[in-house]
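Residues per chain are reported as follows:
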Amino acid sequence: MVAWRHRRGGQAQCLVRLYPFDGRIVAVASEISSNDDRYGIADDMPGVAAEALHLAQEHVDADPHRITWLAHHGAFSYHDAFDPDTFTLIPLSWDGQRYEDNLEAHRLLSEREVYDLLGGQTLEPVPRVLAGLGWPS
């Protein structure tokens with residue numbers, strides 16, 4: 001779980017999972033319903049990325065240039081959501097000190113594109129992961 005101060009000023013939280021594949025890391029940030037709607041992950045992926053890298057630094061040696069960031073939304077994201085999962089590619093740029101984001105560059109990915117990015121790995125369902133962490137869904 002990643003908690004950070006959102007660029008809009010409030011506390012935010014999400015589930016981040018890192019998947020190494022082919023010399024890269026794919027980071028999947030899943031929006032969870034306990035996060036305040038005003039502080040969505042896609043609106044502050046640099047904040048998510050900075051805190052996730054800080055938390056993972058002792059476990060993962062990752063070059064920030066070689067991480068692909070995905071925002072993941074689904075029925076677990078909002079209390080009234082029933083849509084299928086969606087994945088948005090968030091192409092962050094690294095300036096040597098921090099990530100920067102261009103909201104206009106975000107792009108929805110197909111299931112096949114996500115499958116390929118993850119090297120055929122499948123994501124464990126978010127509610128199951130949250131339950132395993134003892135996190136309220």
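Quick summary incoming for the structure in this document.

Thresholds, definitions, all that
- Residues numbered from 1 in each chain as written.
- Predicted model: local features only at pLDDT ≥ 70, side-chain atom pairs only at ≥ 80, totals over all residues.
- Heavy atoms only, no water.
- Pairing = 2+ DSSP bridges.
- Helix = DSSP H or I, 4+ residues; strand = E, 2+ residues; numbered from the N terminus.
- Axes fitted to C-alpha atoms, helices over the stretch in contact; angles between N-to-C directions.
- Contact = heavy atoms within 4.5 Å.
- Core = buried A, V, L, I, M, F, W, Y, C linked by side-chain atoms within 4.5 Å.
- Buried < 20%, exposed > 50% of the residue type's maximum accessible area, 1.4 Å probe, protein only.

A few words on the sheet that holds strand E1 (residues 2-5). Strand order in the open sheet formed by six strands is E1-E2-E3-E4-E5-E8, with mixed pairing between adjacent strands. Two strands lie at the open edges of the sheet, namely E1 and strand E8 (107-109), each paired on one side alone. Geometrically, the sheet is characterised by an average inter-axis angle of 35 degrees between neighbouring strands, direction not taken into account. Summarising the sheet, strand E4 (residues 67-73) and strand E5 (residues 86-90) pair through five bridges and their orientation is antiparallel. Looking at E5, one finds that Trp69 is bridged to Ile90. Helix H1 (residues 45-56) contacts E1, strand E2 (11-21), strand E3 (24-31), E4 and E5 of the sheet and is inclined by roughly 125 degrees relative to E1.

Turning our attention to the nonpolar core. The biggest cluster of nonpolar side chains holds 21 residues, and the ones touching the most others in it are Cys14, Val16, Met45, Val48 and Trp69. At the level of secondary structure, the elements contributing two or more residues to this core comprise E1, E2, E3, H1 and E4. Among the elements that make up this core, the one with the highest residue count is H1 (five residues). What Trp69 contacts, discounting residues up to four positions off in sequence, is Val16, Ala27, Met45, Ala49, Ala52, Leu53, Thr88, Leu89, Ile90, Leu92 and Tyr99. Within the second largest apolar cluster, nine residues are counted, among which are Val28, Leu89, Val114 and Leu118.

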